[in-house]
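# Reading the structure
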Amino acid sequence: VAVVFGLQARGQAGQVAELVARIPAAIRDADARGDLFAANNYRGGFHSLARIAAGQIAEVQADLRKVVETWKPGFYQMHAYHRVFTGVAVDLYTGDPRSAVARIEQDWPELKAGLFLRMELPAMELRWTRARAALALAAQQTGRARQALLGQVRALMRSIARATTAAAGSHAALLAAGLDVVEGRRGMVTVRLRAALSGYTAANMAMHREVVRWCLAQRLDGEEARVMHAEVDAWMRREGVPAMAPLADALAPGLGEGVSPR
């Protein structure tokens, strides 16, 4: 329990390089002790975003398969929550929002029945996960399907904004910026991104901070944009992050490089 919460804390802090080293070591240690429950909790969760950021998609996907293969169906436990959280992030990183939506919607009744939506932090993170998947898919849809997804994003965003966890306001601001872009409204995008950047900075969430900084730099000109790009590049080199565009797709749908630069 101490190890998994330690990994989660480092994941919230966005310590990519540290987690890329720690997670496989933790899994090996748990496997050596025959502790399948611990190993499967290490294989997914908020901390797994670090391995996704590092481009270790094949390794993360193999770990998610291992969770499914080694655990009996039945009571929905923490590792299953970790698996769906991680799986959606992988789907969005690899450009498959349809799979991301199917994954979270399939598990949503069990997540609700397992009382994960009664605990503020998991509830907020799960709503954020569901909203990101819906927003990414909405950007590819038209007509009623698109409007239904966007309506779901707006409802989830309101719930996220009411949470008291440190990241909630920034998650909501980032979703609002993505909604603005997808729906063709440009006036408030940079304002919302600046609010998200400030919030993630205050919460010491480095990975999220740099994703937002990168998205914001795409929409700015001149010295401010140059400084932001330099800061993002320095963080990427330090943490071993190969590319920001797919990471932005995973954490900030609608705000990537190819979408409405201003």
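Quick note: structure is the one above.
In what follows, the accompanying structure is described. Given the structure is predicted, the values throughout are model-derived calculations rather than measurements.

## Quick look at the packing of helix 6 (residues 78-93) against helix 7 (residues 97-113)
In contact at an axis separation of 8 Å, helix 6 and helix 7 are set at 165° when each is read in the N-to-C sense. By the criterion of interaxial angle, the relationship of helix 6 to helix 7 is roughly antiparallel. When the axes of helix 6 and helix 7 are compared, the crossing they make is left-handed. Taken together, the residues of helix 7 that come into contact with helix 6 (itself represented by Tyr 81, Arg 83, Val 84, Gly 87, Val 88, Asp 91 and Leu 92) are Pro 97, Ser 99, Ala 100, Arg 103, Ile 104, Asp 107 and Leu 111. Split by residue class, the contact of helix 6 with helix 7 holds eight nonpolar, two polar and four charged.

## Quick word on helix 9 (residues 143-162)
Helical periodicity: at 3.6 residues per turn, an α-helix aligns residues three or four positions apart in one direction. For helix 9, spanning 20 residues, the distance from its first C-alpha to its last is 30 Å, which sits close to the expected 28 Å at 1.5 Å a residue. Restricting attention to buried positions, one finds in helix 9 the residues Arg 146, Leu 149, Leu 150, Val 153, Leu 156, Met 157 and Ile 160. In a view along the axis of helix 9, the buried residues occupy a sector of 130°, so they form one face of it. Those residues of helix 9 that are exposed and aimed more than 90 degrees away from the buried face are Arg 144, Ala 148 and Arg 162. Residues of helix 9 that are buried in the fold lie against helix 8 (120-138) and helix 10 (168-182).

## Overview of unusual backbone geometry
Look at Leu 115: it is not a glycine, yet its phi comes out positive at around 70°. Mapped onto the secondary structure, Leu 115 falls in the loop between helix 7 and helix 8. We note that Asn 204 has phi near 60°; this positive angle belongs to a residue other than glycine. Position of Asn 204 relative to the elements: it lies in the loop between helix 11 (189-202) and helix 12 (206-217). By relative accessible area, Asn 204 is classed as exposed at 55%.

Cut-offs used in this document
- Residues numbered from 1 in each chain as written.
- Predicted model: local features only at pLDDT ≥ 70, side-chain atom pairs only at ≥ 80, totals over all residues.
- Heavy atoms only, no water.
- Axes fitted to C-alpha atoms, helices over the stretch in contact; angles between N-to-C directions.
- Helix = DSSP H or I, 4+ residues; strand = E, 2+ residues; numbered from the N terminus.
- Parallel < 35°, antiparallel > 145°, perpendicular 65-115°, else oblique.
- Left-handed = near helix turned anticlockwise from the far one by under 90°.
- Contact = heavy atoms within 4.5 Å.
- Nonpolar A, V, L, I, M, F, W, Y, C, P; charged D, E, K, R; others polar.
- Expected span 1.5 Å × (residues − 1).
- Buried < 20%, exposed > 50% of the residue type's maximum accessible area, 1.4 Å probe, protein only.
- Arc of directions from axis to C-beta.

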